[in-house]
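This is what each chain is made of:
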Amino acid sequence: MVNLNDANAYKERASVRNLLNDYQGAVEDYTQAIRINPNDDIAYCMRGHERRNLKDYKGAIEDCNKAIELDPNYDSAYYLRAELHYQQSNYQAAFEDSDRSIQLDPDYPSAYYQRGQARSELGDYEGAIKDYEQAIQLTPSNFCGYYNWAELYSDIGYARANSGDYQGAIEDYNKAIQTDNSMIRYFGVYNNRGNARYNLGDYEGAIEDYSKEISFYQNDDYNNAVYYINRGNAYNDLRNYQKAIEDYNHAIKIADKYPDVYEYRGLARYQVGDKLGAIEDLEKAADLYQHGGFVEYYQEALNLIQSFNVTDKDAIIEDIQEIPETVNDSPTEVETTNKSAANPPILNNRVEDTNKENSQGISEKINHNQLAEIKELTAVIEADGFFNPKSIKQARERITISIARRQGQPQFRQSLLEAYNYRCAITGCDAQEALEAAHIIPYSETENNHPSNGLLLRADIHTLFDLNLITINPETMQVRFAPSLRRTSYGEMDGKYLQVPKISSYLPKKDALKWRCVQCEWFQ
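My aim in this report is to walk through the structure given alongside it, one point at a time. Fair warning: this is a prediction, and the values are worked out from it, not measured in the lab.

1. Regarding the overall build of the protein chain
Okay, step 1: Across its full length, the protein chain carries 28 helices and four strands.
Okay, step 2: Considering the protein chain as a whole, with its 524 residues, one finds that 56% of them fall into the buried category.
Okay, step 3: In the protein chain, 60% of the contacts between residues at least 6 apart in sequence involve partners at least 24 apart.
Okay, step 4: Summed over its atoms, the accessible surface of the protein chain is roughly 23300 Å², and 45% of this surface lies on carbon and sulfur atoms.

Now the structure itself:
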């Protein structure tokens, strides 16, 4: 029987209830302890923990605020609030609170880990790596409450990969596997190491890793669709088209509303001589793109179908070799650590719901005047026999500037908004009205609206980018400003790291960034 006036008795029972996963009962006991002693900062913080376990993040943050009000030097309360901000995607606030926790206790390993997580989300990969390494140094053993070394090495590898150091990332993933082979299935380590190997051209090594990741899951597990697609892309690059088709088949069984996989399978089927199957897949891809409101992707699929109807076999092969400019088959990242529970976003990025009711809502957002203009231009191109990838290049002069204007491509902008988590890739600005879709290589040059040829930028940054006063170092992903801007307030951002998407197929293409750098005569 608990003494109704003994706050410590309630807190002790709350601890026991926590061990029994009775989080609601623990909240009730901490509430009684607070009733007895309203100035008990520890009780507020511990109730915040239990509310977090119940996913009551608002209530948990309120408890942290009260604990900090009662004790402004309560490092654990700052750490908990940082974790809560991170779970709600408020990464700047998560960074500030974890930073404050470290100031109060420089030997707090979990705070370094949390600050590293926030830095990674904010695009500061070098800072994230340093924080993760410090967390390892301060962790006396493999496990430290909320993470273990395998998870830390996995996160370090993820940060290195995002900064373009794929070999370093592989070494970190190797350490994660060697440290705790029993836990790595929860962090997507083999998939991510496969992605790093893929980016280094080691397709056979990538296939080995993707196969290992697939073995962890049942065939119908939603995550497995991503791994099958990644392995299929690697087989495709090795020209083992039959194996690629088999993997795309598996992915389609799991996630049959993802248009890109039909496009990939269609191209692979064409390579093995199954022209009818290729056209069937491309028609399916076109249908899904159309219902999703993705006009450019829909048009690309139609272009491919038209190219397959060319009678000259050599002309077909030559045209198909140009297709990779518009079809991106880079591997897909899975999210790691705290993010691992979420389904990989690539499967929902373009087509969240392909039914007609939802597609009509999407279509209403598209500028119908421009669709009419596209239709008119398409008729002209068809009349001249230009509907294949080769003659599209010759037809580019007919594409008007109005179609290429950034505000005229809502589906391209929406893809970038989702890919960059509704934040400017350079400033972190989250005012959606101020964010614009920027092409790395202008649309008039490539007709490429894939997110890998785009950046989500604040309007003023977009203007400076188009004026070639801002560029991105393709090797380091650092943002560089022209000398004339470095003497202004923009100079504070010179050298910071670009915030990149979690989906590797949406990462800015290095070749596109190199093209942009060439346009900036001031860039060395």
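2. Some thoughts on the packing of helix α15 (residues 259-271) against helix α16 (residues 275-292)
Okay, step 1: One way to put it is that α15 packs onto α16 with a least axis distance of 8 Å and a crossing angle of 160 degrees. Judged by the inter-axis angle, α15 sits roughly antiparallel to α16. Where α15 crosses over α16, the handedness of that crossing is left-handed. For the pair α15 and α16, contact is made by Pro-259, Asp-260, Tyr-262, Glu-263, Arg-265, Gly-266, Arg-269 and Tyr-270 and by Gly-277, Ala-278, Asp-281, Leu-282, Lys-284, Ala-285, Leu-288 and Tyr-289, respectively.
Okay, step 2: Residue composition of the contact of α15 with α16, by class: eight nonpolar, two polar and six charged.

3. Here we look at helix α26 (residues 459-466)
Okay, step 1: Listing the buried residues of α26 in full gives Ile-461, His-462, Leu-464 and Phe-465. Along the axis of α26, the buried positions cluster into a sector of 165 degrees, meaning they face one direction only.
Okay, step 2: Against β1 (435-439), β2 (454-458), β3 (470-472), α27 (483-486) and α28 (510-519) lie the buried residues of α26.
Okay, step 3: Positioned one or two residues after α26, Asn-468 has a phi angle of 60 degrees, which is positive.

4. So, helix α4 (residues 57-70)
Okay, step 1: The end-to-end C-alpha distance of α4, which contains 14 residues, comes to 20 Å, matching closely the 20 Å that a straight helix rising 1.5 Å per residue would cover.
Okay, step 2: Buried within α4 are the following residues: Tyr-57, Gly-59, Ala-60, Ile-61, Asp-63, Cys-64, Ala-67 and Ile-68.
Okay, step 3: On its buried face, α4 sits against α3 (41-53) and α5 (75-87).

5. Considerations on the pattern of salt bridges
Okay, step 1: Summed over all chains, the structure comprises 27 salt bridges.
Okay, step 2: Asp-22 serves as the salt-bridge partner of Arg-17, at 3.6 Å between the closest nitrogen and oxygen.
Okay, step 3: Residue Arg-197 pairs with Asp-209 through a salt bridge whose shortest N-O separation is 3.1 Å. Pair noted here: Arg-197 is in helix α11 (residues 189-199) and Asp-209 is in helix α12 (residues 203-215), with a separation of twelve residues, a long-range link.

6. Some points on the nonpolar core
Okay, step 1: If you look at the biggest cluster of nonpolar residues, it comprises 99 residues, and the most contacted ones within it are Ile-426, Leu-457, Ile-470 and Leu-498.
Okay, step 2: Beyond its immediate sequence surroundings of up to four residues, Leu-498 is in contact with Gly-123, Tyr-125, Ala-425, Ile-426, Leu-455, Ile-472, Met-477, Val-479 and Pro-508.
Okay, step 3: Judged by nonpolar contacts, the second largest core, of 15 residues, contains Ala-43, Tyr-44, Ile-61 and Ala-77.

7. Some words on the packing of aromatic side chains
Okay, step 1: Going through the model one piece at a time under the given rule, you end up with eight aromatic pairs.
Okay, step 2: Taking 5.8 Å as the distance between ring centres and 45 degrees as the angle between the ring planes, the aromatic pair formed by Tyr-248 and Tyr-264 counts as tilted. Within this pair, whereas Tyr-248 is found in helix α14 (residues 241-254), its partner Tyr-264 is found in helix α15, the two being separated by 16 residues in sequence. In this structure, Tyr-248 and Tyr-264 share a single accessibility class: buried.
Okay, step 3: Measuring from centroid to centroid gives 6.2 Å for Phe-481 and Tyr-490, while their planes differ by 25 degrees, and the two rings are stacked. As far as the burial class goes, Phe-481 and Tyr-490 line up, both buried.
Okay, step 4: Its guanidinium or amino end placed over the ring of Phe-465, Arg-516 lies 4.3 Å from that ring's centre, counting from NZ or CZ.

What counts and how
Residues numbered from 1 in each chain as written. Predicted model: local features only at pLDDT ≥ 70, side-chain atom pairs only at ≥ 80, totals over all residues. Heavy atoms only, no water. Helix = DSSP H or I, 4+ residues; strand = E, 2+ residues; numbered from the N terminus. Buried < 20%, exposed > 50% of the residue type's maximum accessible area, 1.4 Å probe, protein only. Contact = heavy atoms within 4.5 Å. Areas by Shrake-Rupley, 256 points an atom, 1.4 Å probe, with all protein chains shown as cover. Axes fitted to C-alpha atoms, helices over the stretch in contact; angles between N-to-C directions. Parallel < 35°, antiparallel > 145°, perpendicular 65-115°, else oblique. Left-handed = near helix turned anticlockwise from the far one by under 90°. Nonpolar A, V, L, I, M, F, W, Y, C, P; charged D, E, K, R; others polar. Arc of directions from axis to C-beta. Expected span 1.5 Å × (residues − 1). Salt bridge = Lys/Arg side-chain N within 4 Å of Asp/Glu carboxyl O. Core = buried A, V, L, I, M, F, W, Y, C linked by side-chain atoms within 4.5 Å. Phe/Tyr/Trp six-rings, centres within 6.5 Å; stacked < 30°, edge-to-face > 60°. Lys NZ or Arg CZ within 6 Å of the ring centre and 35° of its normal.

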